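The primary structure of each chain is shown beneath.
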Amino acid sequence: MINKLKFKFFIFIILIFSGIASAQTKNIESDIRLDWFKNAKLGIFIHWGYYGVNGITESWSMYHKKVSYQDYMQQGEKFAANKYNPEEWAELFKKIGAQYVVMTTKHHDGVALWDTKLSHLNVVDKTPAKRDLVTPYVKALRENGLKVGLYYSLCDWSHPDYDVVFPRPNTKKDYPQKGQKKMASWERFVLFYQGQLRELSSQFNPDLYWFDGDWEKSEEQWRSKALKDSLLNWNPNIIVNSRLNQYGDYKTPEQGIPVVRPDGPWEFCMTMNDNWGYYPSDTNYKPISQIIRTFVEVISNGGNLLLNIGPKPDGTIAKEQKERLESLGLWINKHQPAVFETTAGLPYGHFYGPTLVSKDRKKIYLCLFDDPKNYIQLKGIQNKVTSIKILGSNEKLTFKRNGGAAWNNIPGILRIAVPKGESLDKYVSIIEISLEDELELYRGHGNAVELND
Ligand code: GLC
């Protein structure tokens, strides 16, 4: 009896340890997979599809019955992509400092931008573009050293086996479903959508999948776990955003910038005006200053900005969008060390504004949204400061420590002189503080100084 009990206990311990070990391997794996992503800082989101033809909301215009299914799909007749030049896109993205790009290969409307064999609802069969638009996109990104992201909507509002909330004609003729007649309709849909992902993976081997629309069904219905396993099988380095139920690798806040620093890897996606696709009547563009501030806030909290553009149906980028990309690029170029050599900044309380810390933790970057008055102040730094300058002009700034009780490890305030007017950046100025050794912060609440010097 005792021996039996001992044996059971032994097995129990082994199971616990093997569980811990496999959890650790998983963590290590995802750390390695996400390595490039955590350092990427800037990605470009591309919403390109039929909706740009009439300048209406991507897919949602059908959902909200603002346009009929037939009228929506008719836009395809004018989706020509006749000036599509993905090399030019890729060169522009690279020039401005983006590290990855995510393009809609299929939005909720179900229109595929590649030559899918699983539906005729694709730009090769249905539009004057008459060709696969994903292949040249992937090629151009790879040639420019950019990581390849594919957006894919899980929900598909055209597929005959997928229920929708708006009137839709019978779309069966667009979906060759040979030998699937006897299957339950949801089984057919799962076969279809996972088949499309198999096509995308085998043809393009993306670095990242950006899923969308998971909220329409449960994890069991999508078979999310099995899908994630297949994706990892096809490419062990694949990264998946957080819209595959709980099987994503990073968080995906959208449109509203997080106020509190999210835990773990994350990416903030944002439109330049109020729409994802090309929507010429929407002129509510965010000013360049807002886009640059947002970028700084995101990276200072350890995230990436996935900034959206909506190219026109001919494949060109509207001048308002190009101008914003280029201005952000100029700013990034001028402030490169603060952008690319850094991780998330100091915790709240040390500086009134965003900050960044260099990877070797020997530099702090203070980001100034407003032109400073009197002096710039930083609190709670234990280290000796060796020099301070403003990025861009490289003007050296004088500084003084004031207050505190250094002999009790209570640092005072670091007072930094205000830079000359011409050294300040038009949008966001960055002050670089060099430390003698690795950053050491004072995070105390304060206490009595019991022994005076
Ligand atoms: C939303 C919308 C979709 C858009 C996406 C981008 O989830 O459904 O239209 O493509 O956000 O993040």
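Residues numbered from 1 in each chain as written. Predicted model: local features only at pLDDT ≥ 70, side-chain atom pairs only at ≥ 80, totals over all residues. Heavy atoms only, no water.

### Quick notes on the nonpolar core
What counts here: Take the buried residues of types Ala, Val, Leu, Ile, Met, Phe, Trp, Tyr and Cys, join any two whose side-chain atoms come within 4.5 Å, and each joined set is a nonpolar core. Only protein chains enter the calculation, and the probe is 1.4 Å; a residue is then buried if its accessible area is under 20% of its type maximum, exposed if over 50%, and partly exposed in between. Contacts: residue pairs with any heavy atoms within 4.5 Å of one another.
If you look at the biggest cluster of nonpolar residues, it comprises 93 residues, and the most contacted ones within it are Ile 46, Trp 48, Phe 93, Tyr 137, Tyr 193 and Phe 211. Here Phe 211 is in contact with Tyr 152, Leu 154, Leu 197, Leu 227, Leu 231, Val 240, Asn 241, Arg 243 and Leu 244, once residues within four sequence places are set aside. With 20 residues, the next largest nonpolar core counts Ile 376, Val 385, Ile 416 and Ile 433 among its residues.

### A closer look at the site of the ligand
The criterion, for reference: Here a residue counts as near a molecule or strand whenever at least one of its heavy atoms sits within 4 Å of it. Each polar contact in these results corresponds to two N or O atoms within 3.5 Å; when the atoms are within protein, one needs to be able to donate a hydrogen and the other to accept it, and residues that are neighboring in sequence are counted only if both atoms are side-chain atoms. Each accessible area is a Shrake-Rupley estimate made with a 1.4 Å probe; only the visible protein chains count as cover when residues are assessed.
Residues in contact with the ligand amount to 14 residues; listed here are only the nearest, His 47, Glu 58, Trp 60, His 107 and Glu 254. Note that an oxygen atom of the ligand is positioned 2.9 Å from one of the side-chain N or O atoms of His 108. Separating an oxygen atom of the ligand from a side-chain N or O atom of Glu 254 is a distance of 2.7 Å. Relative to its free-state accessible area of 310 Å², the ligand is covered by the protein chains to the extent of 94%.

### Notes on the packing of aromatic side chains
Keep this limit in mind: Think of it this way: a Phe, Tyr or Trp ring, Trp meaning its six-membered ring, pairs with another when their centres are within 6.5 Å, and the plane angle makes it stacked under 30 degrees, edge-to-face over 60, tilted otherwise. Working definition: helices are DSSP H or I runs of at least four residues, strands are E runs of at least two. Numbering for both runs from the N terminus. Ring-over charges, as used throughout, are those where CZ of Arg or NZ of Lys falls within 6 Å of the ring centre and within 35 degrees of the ring normal.
Taken as a whole and assessed by the stated rule, the structure comprises 29 aromatic pairs. Centroid distance Tyr 193 to Trp 222: 5.7 Å. Interplanar angle 80°. Geometry classified as edge-to-face. With Tyr 193 in helix H9 (residues 185-204) and Trp 222 in helix H10 (residues 219-222), this residue pair connects regions lying 29 residues apart in the sequence. Each member of the pair, Tyr 193 together with Trp 222, is buried. Put simply, the rings of Tyr 162, Tyr 175, Trp 186, Phe 189, Phe 192, Tyr 193 and Trp 222 pair up and form one aromatic cluster. Here the basic side chain of Arg 415 rests over the ring of Tyr 375, its NZ or CZ set 5.5 Å away from the ring centre.

### Some thoughts on a negative patch on the surface
Going by this rule: What makes a patch is a set of residues exposed beyond 30% relative accessible area and free of salt bridges, joined within 9 Å when like-charged and within 5 Å when nonpolar (Val, Leu, Ile, Met, Phe, Trp, Tyr). Salt bridges, as used here, are contacts in which a Lys or Arg side-chain nitrogen is within 4 Å of a carboxyl oxygen on Asp or Glu. Positive charges are assigned to Lys and Arg, negative charges to Asp and Glu, while His and the chain termini are left out of the count. Charge coordinates come from a single atom per side chain, which is NZ of Lys, CZ of Arg, CG of Asp or CD of Glu.
Together, Asp 360, Asp 437, Glu 438 and Glu 440 line one region of the surface with negative charge. Of note, Asp 437 is situated in the segment after strand S15 (429-435). For Asp 437, a relative accessible area of 37% translates into the label partly exposed.

### A few points about the confidence of the model for the protein chain
Here is the rule we go by: Residue-level confidence of the predictor is summarised by pLDDT, bounded by 0 at the bottom and 100 at the top.
With 94% of its residues at a pLDDT of 70 or more, the protein chain shows a mean pLDDT of 93. Counted against residues more than four places away or in other chains, residues 9-25, with its pLDDT under 50, gives 0 contacts.

### Here's the deal with the pattern of salt bridges
Pairing is possible between side chains of opposite charge, provided their charged atoms come close. Applying the stated criterion across every chain, the model contains 20 salt bridges. Residue Arg 33 is joined to Asp 249 by a salt bridge in which the shortest nitrogen-to-oxygen separation is 2.9 Å. Of the two residues, Arg 33 is situated in helix H1 (residues 2-33) and Asp 249 in the loop between strand S5 (239-240) and strand S6 (267-270); the sequence distance between them amounts to 216 residues. This pair shows no difference in class: Arg 33 is buried, exactly as Asp 249 is. We note a salt bridge from Asp 161 to Arg 188, for which the minimum N-O separation is 2.9 Å. Within this pair, whereas Asp 161 is found in the loop between strand S3 (147-153) and H9, its partner Arg 188 is found in helix H9, the two being separated by 27 residues in sequence. For Arg 188, a relative accessible area of 10% corresponds to the buried category. Within this structure, Arg 33, Lys 228 and Asp 249 form a network of salt bridges that share partners.

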